[in-house]
Amino acid sequence: MTRKLTSFLLLFTSLSFLQVQAQNAEYLKKELKTDLPDTSRVLILSDLSYELRRSKPDSSLVLALQSLGLAEKINYDKGKGRAKRMIGISHYLKGDYSESFKLYQQALVLSQHTKDTKNIANCLNNLGTIYHSQSSYSMALDYFNQSLSLRQRIFDSIGTAQCYSNIGSVCNDQGDYENALRYLLKALKVCEDMDNKEGIASSYNNIGSTYKSQGQYDKALSYFLMAIESLKRKGDISATAFAFNDIGNVYKDQGNYEKALEYFFNALKLFEEVGSKQGIAGTYTHIAIIYKDQRNYEKALEYLTRSLEIKNKIGDKRGIANSLSDIGLVYQEQQDPFKSLEYLGRALTLREEIGDKRGITLACISIADVFISSGEEEKALPFLRRSLTLARQIKSNELITALEAKYAQYFNVQGNHTEALRHAREALALAQMIGKIEYARSAAEQLYIAASAMGNYREAFQNHKLFIALRDSIQNEKNHRASLSKEFAFKDEKAKIEQEKKNLEYSALRERHKRIAYLLSVILTTVIVISLVIYRSNRQKQKTNQQLTLQKQKTEEAKEELEKLNGVQNRLLSIISHDVRGPLNSLKGILHLFNNNALSQSELQDVATSIGTQVVQVNYLLDNLLRWTKSQLDQVRPQPQKLTVNSIIQETIELLSLNAKSKHINILADIPEHLSMYADEEMMKLVVRNLISNAIKFCQKDDHIRISARYEQDMVMISVEDTGRGINSENIPLLFGLSHLSTKGTNAEIGTGLGLALCKEFIEKSGGKIWVTSQEGKGSCFEFTVPQVKL
């Protein structure tokens, strides 16, 4: 896939995935008019900036700057991180990658400091997009995968689908079509699970683009048409226009310029309808390339100039550089090196300004090519050297291959056939490695020229044969594409005829249905009269049946309740016999020894400590047991209220401090004073007490327990993390169930296996979730969420 098509694909993906959120813009505007705390105002300004980033980019930047100004005024680091990311997006959309990259990095540092997981994931994704645009594929994949991991962790489905799509696009650019399709299908599955119609349409389009890259035009067209059908049902005109452009590119690649122009002009009409300047400019470029391929240079320059004018108005620096380069290449084909170098030089200057390394490389290659073709090859060498250095920096094998072939051409023209031979061999090896036939053909041609000039006729003959074979292969591929193009055009016309036929059949069917409807109305009237007679006679019978059914239902409910009570009773007896009788028998034995003076003074002290520990354990057990029993009998109803998280945590730490000190365990709490949750106080105390008590139970001497809390969207997330012995992976699925999984602590402390089940039940009744991550030997981290206090 070409870089232009990749950028086009990413733009379409971003538009489609995030369009579903655009409806929030009006809501956010209304929120800003209300009396808000400054921190909330900062975040809403950033959110509104995000919603307007494409439709109103200038307004989006103003809002982001306002958000940053207010965040700096109140020293709100989380708000600073979000605002800087939005300012970075504004620069990215205008093609200023250097400034955008710097702002994303600053936003990432601030978000990591404030543990703003969502913004961390977004910043990582944005950085990956910049690396992708520069052909730094390994770096792009690294950032996309980091973002994906975080988005999956916070259950961000839309973000997860976006990451899958971005990873698939990188794989596509690398020629790894198998993995590209695998990730794009994952994105499609996530969108289907969410019933996200915009995301589904986008995924269809991306999959179609991947098949197009492989030359599987039939499949590509099929997916593009599915995307258009889905978008039409949704009424998404802008995204439909992008899909039309993609279909136009299929026909262009096949050489069916007439059909390609038909779809491009249809796309242009839709973009003009919705006023999408970016879409109009992009479509002008597609049309211009068709005319350039047809050697209609006047038309090509006309549409490229129109595209450039729009990009200048909207401040799209990268787009301006692309248009300047395209105009320069048209003049090169017209053999006007002066004008070609003028436009290519302007494009190079602009790419240097925005830090577009890949663009700089391509501009240098184009300028060098102009000098070589115009007989001024000595001026080409500095540009070739610079472009090769940059291509190696961004690790683009495709660009390096093209440059090695260009170097071979340069040295052949210079008469230095030894150097030409060396570079041509390198180009051929790389082209064969990455599967680029066109580059291999160019390399074989330069090898043939160099070897012939050096008198190495055997190698010259071999490479001449290779050149002819590759040239024929390319021509055969073009012929195959042309054949497919005719086939697709035929299918398209056939589809139109079929649709017209269906429309005629539908009209006839509609008339027939009208006649049938009249007849049915007569029959229906007769049926209604008869039904009324039958209804009145059956009414009494139905009433009797309803009473019998109601009585049966009550009997079934009573039976279910009795079975439930029996289950609670059996579980209760099991716990009492297993976990209450044991400690009480132990206490009974100790008291017997004490009464018979069978203990020394030192033994008595040890026994006293043991008795205290067992009494506390039995007390916790009975407390959990009572609450669990009430819960099972549906006698527990949450009574939520505003609670200060810090006070709940500190009270529990104080309660369990003796247990922790006895094992030399350090408990650290990092809870913001203002953090509040909306939950039942007793339920939260029980949950926190159970989690901290468990952490103490499974920690060794000098281990640490860290308790933290933060806002996560509209929830409060509380974490209890320890450095204890961890949990076997096989036991993790059993922790929150009633499997009676009870493991002794590091000092042989015992438990019921009931506490975590009770925690899960109370958290879910409060509207939250609880989960655990653990690695045996490295500690555990229990986390749960509850609703935050609504402003």
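Source: prediction; values computed, not measured.

Undergrad: What am I meant to see in the overall build of the chain here?
TA: Looking only at helices and strands, the chain has 29 helices and seven strands in total. When burial is assessed residue by residue, the chain has 48% of its 791 residues classed as buried. For the chain, contacts bridging at least 24 residues in sequence account for 65% of all contacts bridging at least 6. Surface exposure of the chain reaches about 40300 Å², of which carbon and sulfur atoms provide 52%.

Undergrad: Is there a simple way to explain unusual backbone geometry in this structure?
TA: Keep in mind that most residues, glycine aside, have a negative phi and that most peptide bonds are trans. We note that N75 has phi near 55 degrees; this positive angle belongs to a residue other than glycine. Within the secondary structure, N75 sits in the loop between helix 4 (57-73) and helix 5 (77-93). Phi is positive for R295, close to 65 degrees, though the residue is something other than glycine.

Undergrad: Would you mind going over helix 16 (residues 297-314) with me for this structure?
TA: Residues spaced three or four apart along an α-helix face the same direction, because each turn holds 3.6 residues. Look at helix 16: 26 Å from first C-alpha to last across 18 residues, which is about the 26 Å you get at 1.5 Å a residue. Those residues of helix 16 that fall on the buried side of the exposure criterion are Y297, A300, L301, Y303, L304, S307, L308, I310 and K311. Packed against the buried residues of helix 16 are helix 14 (257-274), helix 15 (277-293) and helix 17 (317-333). G315, located one to two residues past helix 16, shows a positive phi value of around 75 degrees.

Undergrad: Can you help me understand the side chain of S136 in this one?
TA: Tracing the backbone through its elements, the reader meets S136 in the loop between helix 7 (117-133) and helix 8 (137-153). What S136 contacts, discounting residues up to four positions off in sequence, is Y131 and I394.

Undergrad: Before we go on, may I ask you to explain the environment of V330 in this structure?
TA: By the element assignment, V330 lies in helix 17. Put simply, V330 and N296 are 34 residues apart on the chain and 9.8 Å apart in space, counted from C-alpha to C-alpha. Apart from the residues within four sequence positions on either side, V330 is in contact with K292, Y297, A300, L301 and L304.

Undergrad: Would you take a moment to explain the sheet that holds strand 2 (residues 666-670) for this structure?
TA: Strand pairing within a sheet occurs via backbone hydrogen bonds; the two strands may be parallel or antiparallel. The strand order across the open sheet formed by five strands is 2-4-5-7-6, and the pairing between neighbours is mixed. Bordering the open sheet on either side are strand 2 and strand 6 (770-775), each of which pairs with just one other strand. Strand-to-strand, the axes of this sheet are offset by a mean angle of 15 degrees, without reference to chain direction. One ladder, built from five bridges, connects strand 2 with strand 4 (residues 704-712); its direction is parallel. Paired with I667 across the strands is I705, a residue of strand 4. The strands touched by helix 26 (residues 645-655) within the sheet are strand 2, strand 4 and strand 5 (715-722), with strand 2 carrying the most contacts at an inclination of about 170 degrees. Helix-sheet contacts for helix 29 (residues 755-765) involve strand 6 and strand 7 (779-787), and the interaxial angle to strand 7 is about 25 degrees.

Undergrad: Even after reading the chapter, I still don't get helix 11 (residues 197-213), so can you show me in this structure?
TA: Compared with the 24 Å implied by 1.5 Å per residue over 17 residues, the 25 Å span of helix 11 between its first and last C-alpha is a close match. The element helix 11 is largely enclosed, with a buried count of 16 among its 17 residues. Its side-chain oxygen at 2.9 Å from the backbone nitrogen of G199, N196 defines the N-terminal cap of helix 11. Residue G215 follows helix 11 closely and has a positive phi angle near 80 degrees.

Undergrad: How should the environment of N416 be read in this particular structure?
TA: Relative to the assigned elements, N416 resides in the loop between helix 21 (397-414) and helix 22 (417-434). Expressed as a C-alpha distance, the spacing of N416 and A450, which sit 34 residues apart in the sequence, is 8.5 Å.

Undergrad: Before we go on, may I ask you to explain the pattern of salt bridges in this structure?
TA: Close approach of charged atoms allows side chains with opposite charge to pair. Tallying each qualifying case throughout the model produces 26 salt bridges. Residues D369 and K406 are paired through a salt bridge, measuring 2.6 Å at the closest nitrogen-oxygen approach. Of this pair, D369 sits in helix 19 (residues 357-373) while K406 sits in helix 21, and the two are 37 residues apart along the sequence. By the burial criterion, D369 is buried, and K406 matches it. R422 serves as the salt-bridge partner of E419, at 2.7 Å between the closest nitrogen and oxygen. A residue pair is termed a helical-turn pair when its members lie 3 or 4 positions apart in one helix, as E419 and R422 do in helix 22 at three residues.

Undergrad: It is not clear to me how the packing of aromatic side chains should be interpreted in this structure. Could you clarify?
TA: Remark: the centre distance and the inter-plane angle together describe each pair of aromatic rings, the angle taken between the planes. Counted according to the given criterion, the structure contains 18 aromatic pairs. Ring plane angle 70 degrees and centroid distance 5.0 Å describe the contact between Y410 and F411, whose orientation is recorded as edge-to-face. Judged by its relative accessible area of 5%, Y410 falls in the buried class. Three or more aromatic residues joined by ring pairs make a cluster, and in this case those are F265, Y284, Y291 and Y303. Directly above the aromatic system of Y50 lies the positively charged group of R53, at a separation of 4.0 Å from the ring centroid.

Undergrad: Sorry if this is basic, but what is going on with the nonpolar core here?
TA: Looking at soluble globular proteins, one finds that nonpolar side chains tend to be buried together. If you look at the biggest cluster of nonpolar residues, it comprises 90 residues, and the most contacted ones within it are I167, I247, I287 and I327. Ignoring anything within four residues of it in the chain, the contact list for I287 reads L261, F264, F265, L268 and Y303.

Undergrad: Explain the packing of helix 28 (residues 681-697) against helix 29 here, please?
TA: Relative placement of two packed helices is described by the angle separating their axes and the distance separating the axes. Closest axis-to-axis distance for the helix 28/helix 29 pair is 9 Å, and the angle between their directions is 145 degrees. The interaxial crossing formed by helix 28 with helix 29 has left-handed handedness. Here helix 28 contributes M683, M684, L686, V687, N690, L691 and N694 to the contact with helix 29, which in turn contributes G755, L756, L758, C759, F762, I763 and K765. Its residues placed into classes, the contact of helix 28 with helix 29 shows 10 nonpolar, three polar and one charged.

Undergrad: Hey, could you run me through the confidence of the model for the chain in this one?
TA: Predicted coordinates in areas of low pLDDT are best not read in detail. Put simply, the chain has an average pLDDT of 79, and 74% of its residues get 70 or more. Confidence drops under a pLDDT of 50 for residues 1-22, and excluding neighbours within four residues, the segment shows 75 contacts in the predicted structure. In this model, residues 474-490 is a region of pLDDT below 50 whose contacts with residues beyond four sequence positions or in other chains number 19 contacts.

Undergrad: Help me understand the packing of helix 20 (residues 381-393) against helix 21, please; the structure alone is not making it clear to me.
TA: Direction vectors running N to C along helix 20 and helix 21 enclose 160 degrees, while the axes themselves pass 9 Å from each other. Relative to helix 21, helix 20 is oriented roughly antiparallel. The crossing of helix 20 and helix 21 is left-handed. Across the interface between the two elements, L381, L384, R385, S387, L388, A391 and R392 of helix 20 pack against L399, I400, L403, E404, K406, Y407 and Y410 of helix 21.

Undergrad: Looking at this model, I keep getting lost on the pairing of strand 5. Mind explaining?
TA: Along a regular strand, successive side chains alternate from one face of the sheet to the other. The buried count for strand 5 comes to seven of eight residues, which makes it a mostly enclosed element. Pairing geometry for strand 4 and strand 5, over eight bridges, is antiparallel. Its bridge partner being in strand 5, R706 is matched across the sheet by E721. Connecting strand 4 to the antiparallel partner strand 5 that follows it, the hairpin turn spans two residues, and Q713 within it adopts a positive phi of roughly 55 degrees. With eight bridges connecting them, strand 5 and strand 7 associate as antiparallel partners. Paired with V716 across the strands is V786, a residue of strand 7.

Undergrad: Quick question: what am I supposed to make of the environment of T723 here?
TA: Here T723 is to be found in the loop between strand 5 and helix 29. In sequence terms T723 and I705 are 18 residues apart; their C-alpha atoms lie 6.7 Å from each other. Beyond its immediate stretch of four places on either side in the chain, T723 contacts C699, D703, H704 and G779. Only 3.2 Å separates the side chain of T723 from the side chain of D703, close enough to count as a polar contact. In terms of polar contacts, T723 uses its side chain to reach the backbone amide nitrogen of H704, at 2.9 Å.

Conventions used here
Residues numbered from 1 in each chain as written. Predicted model: local features only at pLDDT ≥ 70, side-chain atom pairs only at ≥ 80, totals over all residues. Heavy atoms only, no water. Helix = DSSP H or I, 4+ residues; strand = E, 2+ residues; numbered from the N terminus. Buried < 20%, exposed > 50% of the residue type's maximum accessible area, 1.4 Å probe, protein only. Contact = heavy atoms within 4.5 Å. Areas by Shrake-Rupley, 256 points an atom, 1.4 Å probe, with all protein chains shown as cover. Expected span 1.5 Å × (residues − 1). Pairing = 2+ DSSP bridges. Axes fitted to C-alpha atoms, helices over the stretch in contact; angles between N-to-C directions. Polar contact = N/O pair within 3.5 Å; in protein donor to acceptor, adjacent residues only side chain to side chain. Salt bridge = Lys/Arg side-chain N within 4 Å of Asp/Glu carboxyl O. Phe/Tyr/Trp six-rings, centres within 6.5 Å; stacked < 30°, edge-to-face > 60°. Lys NZ or Arg CZ within 6 Å of the ring centre and 35° of its normal. Core = buried A, V, L, I, M, F, W, Y, C linked by side-chain atoms within 4.5 Å. Left-handed = near helix turned anticlockwise from the far one by under 90°. Nonpolar A, V, L, I, M, F, W, Y, C, P; charged D, E, K, R; others polar. pLDDT = per-residue confidence, 0-100. Parallel < 35°, antiparallel > 145°, perpendicular 65-115°, else oblique.

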